[in-house]
Amino acid sequence: QVQLVESGGGLVQAGGSLRLSCAASGRTFSSYAMGWFRQAPGKEREFVAGITWSGGYTYYVDSVKGRFTISGDNAKNTVSLQLNSLKPEDTAVYYCAAAFSVRTRVRIIAGDLDYWGQGTQVTVSS
């Protein structure tokens, strides 16, 4: 069984920054991809950013491009999300997720990953 634990959420003013971290434990081999999703109150969960370790590809939802950066360590199964220039509409619970087998970027963006964290709250005040 794999456990993902997120940290780094909090309350920040608009224009501020946060850094979210996620660590996976319970598997001895590396994941194929990891990603961040978010869910705001009353809204569906949406993809935010992903990283596919093979090739080091990163990809983002349009609304965060240029503001958020995903990075991580494949061997340690850790991933981080740097959130800059935060806006009130970024307020949500942010979830980390990991895939341990090959899948397409489309499937990852659709949320087809194997394990999920419990989430960390990010609140951006105006």
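Residues numbered from 1 in each chain as written. Predicted model: local features only at pLDDT ≥ 70, side-chain atom pairs only at ≥ 80, totals over all residues. Heavy atoms only, no water.

The strand order across the open sheet built from four strands is 1-3-8-7, with neighbouring strands paired in antiparallel fashion. Across the chains shown, the open sheet's two edge strands, defined by having one partner strand only, are strand 1 (3-7) and strand 7 (68-73). The average undirected angle you get between the axes of adjacent strands in this sheet is 15 degrees. Taken together, the six bridges between strand 7 and strand 8 (residues 78-83) define a ladder with antiparallel strand orientation. Bridge pairing links Gly-72 to Val-79 in strand 8. (Pairing = 2+ DSSP bridges. Helix = DSSP H or I, 4+ residues; strand = E, 2+ residues; numbered from the N terminus. Axes fitted to C-alpha atoms, helices over the stretch in contact; angles between N-to-C directions.)

Moving on, we come to the packing of aromatic side chains. Summed over all chains, the structure comprises four aromatic pairs. Between the aromatic rings of Phe-37 and Trp-116, the centroid separation amounts to 4.8 Å while the plane-to-plane angle is 55 degrees, which identifies the pairing as tilted. Residue Phe-37 is located in strand 4 (residues 33-39), and its partner Trp-116 is located in strand 10 (residues 115-116); the two are separated by 79 residues in the primary sequence. Classification of Trp-116 as partly exposed rests on a relative accessible area of 27%. On the basis of an interplanar angle of 80 degrees and a centroid distance of 5.9 Å, the ring pair of Phe-100 and Tyr-115 is categorised as edge-to-face. Placement of Phe-100 in the loop between strand 9 (92-99) and helix 1 (105-109) and of Tyr-115 in strand 10 is noted, with a sequence separation of 15 residues between them. By the ring-pair criterion, three or more aromatic residues cluster together here, those being Phe-37, Phe-47, Tyr-59 and Trp-116. (Phe/Tyr/Trp six-rings, centres within 6.5 Å; stacked < 30°, edge-to-face > 60°. Buried < 20%, exposed > 50% of the residue type's maximum accessible area, 1.4 Å probe, protein only.)

For the rest of this paragraph, the subject is the state of the cysteines. Scanning the model with the defined rule gives one disulfide in all. A sulfur-sulfur separation of 2.0 Å characterises the disulfide bridge that pairs Cys-22 with Cys-96. Classification of the bridge connecting Cys-22 and Cys-96 rests on its S-S torsion, roughly -75 degrees, and on that basis the disulfide is left-handed. Here Cys-96 lies in strand 9 and Cys-22 lies in strand 3 (residues 18-25), a separation of 74 residues in the sequence. With respect to class, Cys-22 is no different from Cys-96; both count as buried. (Disulfide = S-S within 2.5 Å.)

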